[in-house]
Amino acid sequence: MTGGHAPGASNAFDAARRALRGLVVAATVRIHRPVVGYALEEPGTFLGSGFFVAPNWVLTCAHVACGGEGGEVAVVYETAPGRGTSAAPGRVVATLPDRADGAGRSLQAGNWPAPDLALVQLTEPVDDHECVYVSERPAAYYGEGRVLYAGWTENEGRLQVLDGTLTVQGTIGGWSSDVQMRLGDNDLPYGVSGGPVIDPERGEVIGVLKARSDHRPGGTSTGIEQLRTLRVPAEAVAEHSDLYQAVFHAHDRYHRDRQRHPASRRQTWTDVQGRLGARPGRTLSPDERIQLLGRLAELPPPESTRGLLDILDSLPDFQALTPLPAPRGWRDGLGALYESASDDGALELVLDYAMRAMSAPRPFVVPSTPDAEKALWVWVWQAAQRLGARYRSGLAEQRIERLRRRDEAERDAPDTVSGGIRPTDGPGGRRGHRRGAPDARARARSAGSVARPSALLELVPRGWEPDRCDWSVSVAAPGGEVVRLHEAERTLLTDLPTHLAGPLGEAFRHCDEPGRPALLQVALPQALLGLDVDNWQLASGEAPLGALRPVVVRCSDRDRLPDEAFGAYGGGEPDGRGEAAGAGGGDGAGGVEGVDDPDRLDDLDDLDDLDVERRARWRWLHAHRARAEVLDCDEGLRKPVPTVEQLRALAHGTVPVLCRYGDLRYEDDAEALARIVLGGYGVALWRRRRGRADAVCGEFHRGTIDGIAEPPTAQHLPEAVHELRMRLRAGRTESFWADGVALLYDDPHQPLPGTGDLLEAP
């Protein structure tokens, strides 16, 4: 077979395949328990396979690596065919999913759930091993066909390396962020778990063997792109701050350096990829690609996943859907371009991306960063020689303008790290420092998290199974576009935090920026608005969600609440007149959108007019300072929550506050919140008393009155509440009054997905 290559080329192609297999086997290692000497040749200490993904970094399965003792393993590898094996100690530094104890030590091996990956770092560095080339494209893009694999196993009492082929028979998980590839048509012996899975047409590693099937030949593999979900550091001050960036920058620089090594006669992965006829992105040769990736890896990484997605969205010809997990590094962004590239515009797309990477905001800089930017420009300019003079001229002008705008922004940003003076280089000349982070925090304070992309969690209870719910996680753009990332059904409410850790982590990566954790909106039916989502912990030992980022709740069934079920409207007719006529009230709210005279509002059943009033109230709160109104407590004495009619009569600048939520009251908690919702309020605050019937509430009253009135507009309330929760977490006693506080923040200008849809019985 020629594999799609021209007749007569099969011999060369087969030779390239053999060379590829040699490179794969050379980089494949075996993992042992940490023993010494000849015991490393004993099958009894053998745990499984792995492979060098970067110098001194081994990728394997978590269930393999965590079979050692206390996260310590031994890595056995061959330096070259026939030269025997060498061993080096290593330690497990990260697993997916993260199953570490409070001290950061990995738990014991077991039935690890997907993605079941582990990174092992050698504790005694070596420099005589081969590294695989990892694809920058997600494994989900790999179509049906055959793949290569390699691993170690026991054969006749000896440990031996083996390789072979498998057929791709589909996926598990579809397009979700934890997709696995189903493989078949070959036996996978014990021990190969953790070995590499290779695309033989492009000469790239695309996955890790995860498990073998018990009832048929073959098994499953996990895409290496799952490493994008590794924990994101709160602040990156150097490349090594972010494990993902450190490993893959080292990977790309290794292959770039191997390719241009002047004295080496060894065949490289790039050489073999060229012999296979690979054409990354339809326009680059393998050599051009690795030179580009090597230069990108010399730059500091993107400020955030959100920043990288914005760069991709800004490309005029980029049309592909963003893969999951979302791209995190410069190489991931390049891989995302491949699915959008057309034959006649592919090179322009790559060059436009490289120009944006060259001038992007930096989470930090090192002394070599300016040189890295110049080197990237040299590559761009050389590659552009294939294009017309007009395009090249535009590139030169674009470079000058982009660097000028970035330099101006950086001059305007104070450097709080050094008091305005840049730190001098340390030993080795590579001391990093923050650049732009203070400015990012200032932007967060001035713009507020609600003006940026946010994560959206929607819960739908199952009426016939009250202890279970269906749920979804999405990314919501400020303009109203919502992109769903994950959904599930019939999850126990008590188990939700465990199931949400992965999907929410992916959503946060889409939205977070340095120093600016994105808003989490939680859409709940009115009956569940009291759910303490802000107290959920997504991982053992981690701070509650509300202390990590702004968390607000929204009412998902506002338009379906039965009026008669939630409190009376007072003695008169519920026509919205009388007291309600003053709904602009003492704050001088002015007219209501679309209505010349607010007194002419129709009765409460007119949903269009209710929506007009709700929008007008929201606009007022976001143009003026708000005023807190405690509804259910008067100097420690319970009092009834006002009727819907009375609530509508309050001034537009009012933020309702419930002091006695969870306490005995004239109406239950669900009814109190329903009245607020039906009264047209999109912003409200309450605290969960947790059975503290005798708690003194004066500090809560004073705190909410001051706290709600302090921000210039209600737009900043999510950050204000987040700040309170962080102070509580830090033990700041002056904030004790805010314990259990919750914020309703429900923007009528950004309806939830499905709002207003007509429902039919099946």
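Please read these numbers as outputs of a predicted model, since none were measured by experiment.

(A) Focus on the side chain of glutamate 136. Mapped onto the fold, glutamate 136 is located in the loop between strand 6 (117-122) and strand 7 (146-155). A polar atom in the side chain of glutamate 136 sits 2.9 Å from the side chain of tyrosine 133. Looking at glutamate 136, its side chain comes within polar contact range of the side chain of tyrosine 338, at 2.6 Å. Setting aside residues up to four positions removed in sequence, glutamate 136 forms contacts with Arg228, Arg289, Leu293, Arg331, Asp332, Gly335 and Tyr338.

(B) Expanded view of the pairing of strand 8 (residues 158-172). Of the strand pairs in this sheet, strand 7 and strand 8 are connected by 10 bridges, and their pairing is antiparallel. The residue of strand 8 that forms the bridge with arginine 146 is threonine 167. Hairpin connection of strand 7 to strand 8: 2 residues between the antiparallel strands, including glutamate 156 at a positive phi of 55°.

(C) Representation of the sheet that holds strand 11 (residues 204-212) in the model. Taken in spatial order, the 6 strands of this closed barrel run 7-8-9-12-11-10, and their pairing is antiparallel. Within this sheet the neighbouring strands show an average axis-to-axis angle of 40°, counted without direction. Across 4 bridges, the pairing between strand 10 (residues 196-199) and strand 11 is antiparallel. Opposite isoleucine 198, over in strand 11, you have valine 205 as the bridge partner.

(D) Fine view of the packing of helix 8 (residues 346-358) against helix 9 (residues 369-383). Direction vectors running N to C along helix 8 and helix 9 enclose 165°, while the axes themselves pass 10 Å from each other. Taken as axis vectors, helix 8 and helix 9 run roughly antiparallel relative to one another. Considering only the axes of helix 8 and helix 9, their crossing is left-handed. Contacts from Leu347, Val350, Leu351, Ala354, Met355 and Met358 of helix 8 reach helix 9 at Glu373, Leu376, Trp377, Trp379, Val380 and Ala383. Split by residue class, the contact of helix 8 with helix 9 holds 11 nonpolar, no polar and 1 charged.

(E) Spatial organisation of the sheet that holds strand 5 (residues 85-96). Here we have 6 strands rolled up into a closed barrel, ordered 1-2-3-6-5-4, and antiparallel in their pairing. Looking at each pair of strands side by side, their axes are set apart by 40° on average, direction ignored. Where strand 1 (residues 28-32) and strand 4 (residues 72-78) come together, 3 bridges link them in antiparallel fashion. Within strand 4, the position partnered with histidine 32 by the bridge is alanine 74.

(F) Region of interest: the pattern of salt bridges. In this structure the tally under the stated criterion is 43 salt bridges. Across the pair arginine 256 and aspartate 257 runs a salt bridge whose closest N-O atoms are separated by 2.7 Å. Connected through shared salt-bridge partners, Arg462, Glu465, Arg468, Asp470 and Arg490 make up one network.

(G) Representation of the environment of methionine 726 within the structure. Among the secondary structure elements, methionine 726 is positioned in helix 18 (residues 717-729). Here the alpha-carbon distance between methionine 726 and alanine 547, two residues 179 residues apart in the chain, equals 4.8 Å.

(H) Local environment of the packing of aromatic side chains. Scanning all chains against the criterion turns up 8 aromatic pairs. On the basis of an interplanar angle of 45° and a centroid distance of 4.9 Å, the ring pair of tyrosine 244 and phenylalanine 248 is categorised as tilted. Within this pair, tyrosine 244 and its partner phenylalanine 248 are both found in helix 3 (residues 243-259), separated by 4 residues, close to a single helical turn. As far as the burial class goes, tyrosine 244 and phenylalanine 248 line up, both buried. Ring centres 6.4 Å apart and planes at 70° place the aromatic pair tryptophan 330 and tyrosine 353 in the edge-to-face group. One end of the pair, tryptophan 330, is in helix 7 (residues 330-338); the other, tyrosine 353, is in helix 8, with 23 residues separating them in the sequence.

(I) How the structure looks around the side chain of aspartate 332. Of note, aspartate 332 is situated in helix 7. At 2.9 Å, the side chain of aspartate 332 forms a polar contact with the backbone nitrogen of arginine 328. Look past the residues within four positions of aspartate 332 in its chain and what remains in contact with it is Glu136, Arg228, Tyr244 and Pro327.

(J) Summary view of helix 9. The first and last C-alpha atoms of helix 9 sit 21 Å apart over 15 residues, in line with the 21 Å expected at 1.5 Å per residue. Those residues of helix 9 not exposed but buried are Thr369, Ala372, Glu373, Leu376, Trp377, Trp379, Val380 and Ala383. Within helix 9, the buried residues cover an arc of 160° as seen down the axis, which keeps them to one side. Those residues of helix 9 that are exposed and angled more than 90 degrees off the buried face are Asp371 and Gln382.

(K) Summary view of the nonpolar core. Counting 91 residues, the largest nonpolar core has Leu227 and Tyr353 as the members making the most contacts within it. No other element matches the 9 residues that helix 8 contributes to this core. By size, the runner-up hydrophobic cluster in this structure holds 44 residues, among which are Leu520, Leu538, Leu658 and Ile676.

(L) Local environment of the pairing of strand 11. Along strand 11, 7 of the 9 residues are buried, which leaves the element largely enclosed by surrounding structure. Linking strand 10 back to strand 11 in an antiparallel pair, the connection comprises 4 residues, with glycine 203 at a positive phi of about 70°. Alignment of strand 11 against strand 12 (residues 219-223), held across 5 bridges, turns out to be antiparallel. Bridge pairing in strand 12 links glycine 207 to glycine 223.

(M) Here's a closer look at the packing of helix 5 (residues 286-296) against helix 7. Between helix 5 and helix 7, whose axes approach to 9 Å, the crossing angle comes to 140°. Residues Arg289, Leu292, Leu293 and Leu296 of helix 5 form the contact with helix 7, whose participating residues are Trp330, Arg331, Leu334 and Tyr338. Grouping the amino acids of the contact of helix 5 with helix 7 by side-chain chemistry returns 6 nonpolar, no polar and 2 charged.

(N) Molecular detail of unusual backbone geometry. The residue after leucine 96, namely proline 97, is reached through a cis peptide bond having omega -5°. Topologically, proline 97 is positioned in the loop between strand 5 and strand 6. For the bond from alanine 114 to proline 115, the omega torsion is 5°, close enough to zero to count as cis. Relative to the assigned elements, proline 115 resides in the loop between strand 5 and strand 6. You will see that asparagine 56, though not glycine, has its phi angle at about 70°, which is positive.

Basis of the calculations
Residues numbered from 1 in each chain as written. Predicted model: local features only at pLDDT ≥ 70, side-chain atom pairs only at ≥ 80, totals over all residues. Heavy atoms only, no water. Helix = DSSP H or I, 4+ residues; strand = E, 2+ residues; numbered from the N terminus. Polar contact = N/O pair within 3.5 Å; in protein donor to acceptor, adjacent residues only side chain to side chain. Contact = heavy atoms within 4.5 Å. Pairing = 2+ DSSP bridges. Axes fitted to C-alpha atoms, helices over the stretch in contact; angles between N-to-C directions. Parallel < 35°, antiparallel > 145°, perpendicular 65-115°, else oblique. Left-handed = near helix turned anticlockwise from the far one by under 90°. Nonpolar A, V, L, I, M, F, W, Y, C, P; charged D, E, K, R; others polar. Salt bridge = Lys/Arg side-chain N within 4 Å of Asp/Glu carboxyl O. Phe/Tyr/Trp six-rings, centres within 6.5 Å; stacked < 30°, edge-to-face > 60°. Buried < 20%, exposed > 50% of the residue type's maximum accessible area, 1.4 Å probe, protein only. Expected span 1.5 Å × (residues − 1). Arc of directions from axis to C-beta. Core = buried A, V, L, I, M, F, W, Y, C linked by side-chain atoms within 4.5 Å.

Function cannot be read off these values alone, since they describe shape.
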